[in-house]
Amino acid sequence: MTQHEKRLAGVLLRELRGLKGGQAVERLFELGLVNLRTCEQRAVRGEIERLAGQGIPRCEAMHITADKFCCSYEKVRSYYYNTYKS
C-alpha cells in the first residue's frame, strides 16, 4: 500500500470511527465512497458461482441471476465475463 493510499485509508477510518460492520458499510454508501458497479459485478459473479456450485449450468445461472438482480441477461453476461478478463 502506498503512502497516499494509507493517508486515504486514515480518512476513511476517521469517517467510520465507532461504527460496526453494517453501519460502516452503510456510511460508506452514504458518502459515495463505494463503487456500486464493482459491488454489483462481484455480487453477480458470486451468485453465478453459487448457482453453478449447485449444479446449475452457467447460462441458466446467468438467467436466474438476471431475474434476481432485475437486469438483463446481457448485463449479467457482461459482468461475468468482463470480471474474469481483469
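In this report, we go over the structure that sits alongside the text. (Residues numbered from 1 in each chain as written. Predicted model: local features only at pLDDT ≥ 70, side-chain atom pairs only at ≥ 80, totals over all residues. Heavy atoms only, no water.)

**A word on the overall build of the protein**
A count of helical and extended segments in the protein gives five helices and zero strands. Going from the N terminus to the C terminus, the protein shows its helices and strands as α-α-α-α-α. A compact globule built from 86 residues should have a C-alpha radius of gyration of about 12 Å, whereas the protein, at 17 Å, is more than 25% larger. Viewed in the frame of its principal axes, the protein has a C-alpha envelope of about 45 × 25 × 20 Å. The proportion of buried residues among the 86 residues of the protein is 22%. A separation threshold of at least 6 residues defines the contact pool for the protein, and within that pool the share at least 24 residues apart is 31%. Surface accessibility of the protein: about 6,400 Å² in total, with carbon and sulfur atoms responsible for 54%. (Helix = DSSP H or I, 4+ residues; strand = E, 2+ residues; numbered from the N terminus. Rg over C-alpha atoms; globule rule 2.2 N^0.38 Å. Buried < 20%, exposed > 50% of the residue type's maximum accessible area, 1.4 Å probe, protein only. Contact = heavy atoms within 4.5 Å. Areas by Shrake-Rupley, 256 points an atom, 1.4 Å probe, with all protein chains shown as cover.)

**Let's talk about the packing of aromatic side chains**
Given two aromatic rings, their pairing is described by the distance between the two centres and the angle made by the two planes. The tally for this structure, following the rule as stated, stands at one aromatic pair. Consider the rings of Y80 and Y81, whose centres lie 5.1 Å apart with planes at 85 degrees: the pair is edge-to-face. The class of Y81 is partly exposed, set by a relative accessible area of 32%. (Phe/Tyr/Trp six-rings, centres within 6.5 Å; stacked < 30°, edge-to-face > 60°.)

**Side note on the environment of V44**
Within the secondary structure, V44 is located in helix α3 (residues 36–53). On the basis of relative accessible area, V44 is assigned to the buried category, the value being 1%. Once the C-alpha coordinates of V44 and E74 are considered, the two residues, 30 residues apart in sequence, prove to be 12 Å apart. In contact with V44, not counting residues within four places along its chain, are T65, F69, V76 and Y79.

**With respect to the packing of helix α1 (residues 3–16) against helix α2 (residues 21–30)**
When two helices pack together, their arrangement is given by the angle between the helix axes and the distance between those axes. One can describe the packing of α1 onto α2 by two numbers: an axis separation of 10 Å at closest approach and a directional angle of 115 degrees. The two elements α1 and α2 cross, and the hand of that crossing is right-handed. Taking contact as the criterion, the partners of L12, E15 and L16 in α1 are, on α2, A24, R27 and L28. When the residues that make up the contact of α1 with α2 are grouped by side-chain class, the tally is four nonpolar, no polar and two charged. (Axes fitted to C-alpha atoms, helices over the stretch in contact; angles between N-to-C directions. Left-handed = near helix turned anticlockwise from the far one by under 90°. Nonpolar A, V, L, I, M, F, W, Y, C, P; charged D, E, K, R; others polar.)

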